[in-house]
Amino acid sequence: MAGKTGLVWDERSLDYDFGPEHPLRPLRVKLTYDLIRSKGILDQNSVQVVKPRPASREEILLFHGEDYVRLVEQYSKKGSGLLDMGDTPAFKGCYEATSLVVGASMVAADEVMSGRLSHAFNPSGGLHHAHPERASGFCIFNDPAVVIAHLKSRYKVKHIVYLDIDAHHGDGVMYGYYDDPAVLDIDFHESGNFLFPGTGFPDEIGKGEAKGLKLNVSLPPSTGDEAYLEAFQQIVPDALRKFRPEIILVQCGADGHMDDRLAHLRLTTKVYTEVVRHMHDLAHELCNGKLLLLGGGGYTLANVPRVWTVAFSTLAGLKPTDDIPLQWSKEFEIATQEDPPLKLYDKPTLDDEKTLKEVRNAVSELQTNLGNEIR
Ligand SMILES: [Zn+2]
Ligand SMILES: [Zn+2]
C-alpha cells in the first residue's frame, strides 16, 4: 500500500445524464463523492483526487467503429434519437459527456501505469455494455474496453485482468476481447436467464488463443454474500496467479446489492469489501499493486453511495466508521425524497442450501468446461 489511491472526480462527470426518469442517474456518482468526502476519507494522506480529461476521438476509435462514433456525434448535436433499441437515448452533449467518462478511466489507467498512483477509482466509469458498433444498456462508449485497448497499444501490456462484478454480464467487454489472449475476463453476474443482456453462460470460455481465458460465473437470483464469496475464492485467486497480470481492472457495479431496482442478487457491503480487499492483495502480490476500480450499474440510491464508499476505502486501505454523517443524510433526503440509510455497512447475508448448491453447480460447470484450458 506504498503509493496513493486516487479518486477521479469532477462535477462535469455528472453530465452523463439521460434525464430524471432514467434509472442511471448521475446523482448516484455525486452522492458517492459527497459521502466519501463527508466521511473524511479525502483528508487522508494516502488519498488524492484527480481530474478527468475527455478521451480524444482517436482514443475512442481504439475500440469503437468510425461509423458509430460519427452517429453519436450527430445525435449529440441534435440532442435526440435512440442509440440502441430503446434503453440508451441520445441527449444534447452526449458525445462530450461519454468521452469524459472514457477519459476519466484513461486518466486512472495512466496515473497507475506511470506509478504516480498505486490504485485509482473512477465511479462514473464501468460502462461495460457498449459494443464496438452500438450502444447498449445505458452505455454509449465502453470505457473499460477502451482502457484495455489503450493499455495494449500505449504500454504494450500483454496480461490484463478484467474482473466484472456488476449484476449484469459485461458483454461489451467480454465479446470485444473474446479471442484476445491478453485479457483474462472473469465475470460474476445474475444468470442471463433472468437478467439483461441474457448472455454470459459457463460454456462461453473464449476462442482461439483465448480459450479458457473468459470465465462466466452465472449466479441464480437471490445469491447472497456467503455463496458469492465461496465462488469467488474458488475461482479468482488461482486464475489470477496462473495468468500473472501486469494490471488489474475491476468493474464494481453496485447493482448486485440487495434491493437493487433492476437486479435480484442479495449482496451486501461485505461482498464489496471482501472482493476489493482480495483484488488489492492480489494486485500487490502479482503486479506492483496496479489496480483500477471502475463504477458501473446500481439503481437504488440508498445503496450505491455506500457500496462505492466502502469499495474505495478498502482500495485505500482504510476502514471508515459505520455512521452516516448528518449533513450527507440531509443532502440525500432533499435530492431523492427518500429516507437516508442509517448505517454505512449492512448485515451480511447467508444463503439457504438450495442457493448454495446452485452456485456450487455454476462453479463446477465452469471448471469442467475450462478443463485444462486455463494456463
Ligand atoms: Zn495498496
Ligand atoms: Zn448492471
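One can find the structure itself at the top, above this paragraph.
Thresholds applied
Residues numbered from 1 in each chain as written. Chains lettered and ligands numbered in written order. Predicted model: local features only at pLDDT ≥ 70, side-chain atom pairs only at ≥ 80, totals over all residues. Heavy atoms only, no water. Donors = N, O, S within 2.8 Å, 3.2 Å for Na, K, Ca; no water. Helix = DSSP H or I, 4+ residues; strand = E, 2+ residues; numbered from the N terminus. Pairing = 2+ DSSP bridges. Axes fitted to C-alpha atoms, helices over the stretch in contact; angles between N-to-C directions. Salt bridge = Lys/Arg side-chain N within 4 Å of Asp/Glu carboxyl O. Buried < 20%, exposed > 50% of the residue type's maximum accessible area, 1.4 Å probe, protein only. Core = buried A, V, L, I, M, F, W, Y, C linked by side-chain atoms within 4.5 Å. Contact = heavy atoms within 4.5 Å. Expected span 1.5 Å × (residues − 1). Polar contact = N/O pair within 3.5 Å; in protein donor to acceptor, adjacent residues only side chain to side chain. Right-handed = clockwise from strand over helix to strand, strands pointing away.

Draft legend 1. Focus on the coordination of the zinc ion (ligand 1). In the first shell of the zinc ion (ligand 1), the protein supplies His119 (NE2), His280 (NE2) and His284 (NE2), at 2.1 Å from the metal. Positions of the donor residues of the zinc ion (ligand 1), expressed as sequence spacing, correspond to H-x160-H-x3-H. Of this pair, His119 sits in strand 3 (residues 119-122) while His284 sits in helix 8 (residues 269-286), and the two are 165 residues apart along the sequence.

Draft legend 2. Fine view of the sheet that holds strand 1 (residues 5-8). Spatially, 2-1-3-8-7-4-5-6 is the arrangement adopted by the eight strands of the open sheet, whose pairing is parallel. Lying at the two open borders of the sheet, with one neighbouring strand each, are strand 2 (47-50) and strand 6 (214-219). Direction aside, neighbouring strands of the sheet carry axes that sit 15 degrees apart on average.

Draft legend 3. Local environment of the pattern of salt bridges. By the definition in use, this model includes 20 salt bridges. When the shortest N-O distance is used, the salt bridge between Asp10 and Arg12 registers 3.6 Å. Residue class for Arg12 comes out partly exposed when judged on its relative accessible area of 38%. The residue Glu230 makes a salt bridge to Arg360 at a minimum N-O spacing of 2.7 Å. Separated by 130 residues along the polypeptide, Glu230 in helix 7 (residues 225-243) and Arg360 in helix 11 (residues 353-370) bring together distant segments of the chain. Residue classification places Arg360 among the partly exposed residues on the basis of a relative accessible area of 37%. Connected through shared salt-bridge partners, Arg57, Glu66, Asp67, Arg70 and Glu73 make up one network.

Draft legend 4. Molecular detail of the nonpolar core. Counting residues in each nonpolar core, the largest one holds 63 residues, and the members touching the most others are Leu163, Ile186, Phe188, Val236, Leu240 and Met279. If you tally residues by element for this core, the top one is helix 7, at 10 residues. Other than its neighbours up to four places away in sequence, Leu240 contacts Val161, Leu184, Ile186, Pro245, Ile248, Met279, Leu282 and Leu286. Core analysis: the next-biggest nonpolar cluster, separate from the first, contains 52 residues, Leu83, Tyr95, Phe141 and Leu249 among them.

Draft legend 5. Highlighting helix 8. An ideal rise of 1.5 Å per residue puts 26 Å on 18 residues; helix 8 measures up with 26 Å between its terminal C-alpha atoms. Thr269, Val271, Tyr272, Glu274, Val275, Val276, His278, Met279, His280, Leu282, Ala283 and Leu286 are the residues of helix 8 that are buried. Elements in contact with the buried residues of helix 8: strand 3, strand 4 (160-164), helix 7, strand 7 (247-251), strand 8 (291-294) and helix 9 (304-315). Following helix 8 by one or two positions, Asn288 has its phi on the positive side, about 50 degrees.

Draft legend 6. Broad picture of unusual backbone geometry. In the segment running from Phe196 into Pro197, the intervening peptide bond is cis, with an omega of 0 degrees. For Pro197, the location among the structural elements is in the loop between strand 5 (183-190) and strand 6. The phi angle at Phe138 is positive, at roughly 70 degrees, despite the residue not being glycine. Tracing the sequence through the fold places Phe138 in the loop between strand 3 and helix 5 (143-155). Using a relative accessible area of 11% as the deciding quantity, one classes Phe138 as buried. Look at Asp259: it is not a glycine, yet its phi comes out positive at around 65 degrees.

Draft legend 7. View of the side chain of Gln251. Mapped onto the secondary structure, Gln251 falls in strand 7. For Gln251, a relative accessible area of 0% corresponds to the buried category. At 2.9 Å, the side chain of Gln251 and the backbone oxygen of Gly126 are in polar contact. Ignoring any residue separated from it by four or fewer positions in sequence, one finds Gln251 in contact with Gly126, His128, Tyr162, Leu163, Asp164, Ile165, Asp166, Leu294, Gly295, Gly296 and Gly297.

Draft legend 8. Structural detail: the environment of Gly206. Looking at the element boundaries, Gly206 is found in the loop between strand 5 and strand 6. In contact with Gly206, not counting residues within four places along its chain, are Tyr178, Lys211 and Lys214.

Draft legend 9. Region of the structure containing the pairing of strand 2. Pairing of strand 1 with strand 2 involves four bridges; the strand directions are parallel. Bridge pairing in strand 2 links Leu7 to Val49. Crossover handedness for the path strand 1 to helix 1 (residues 27-38) to strand 2: right-handed.

Treat this as a map of the structure, not an account of what it does.
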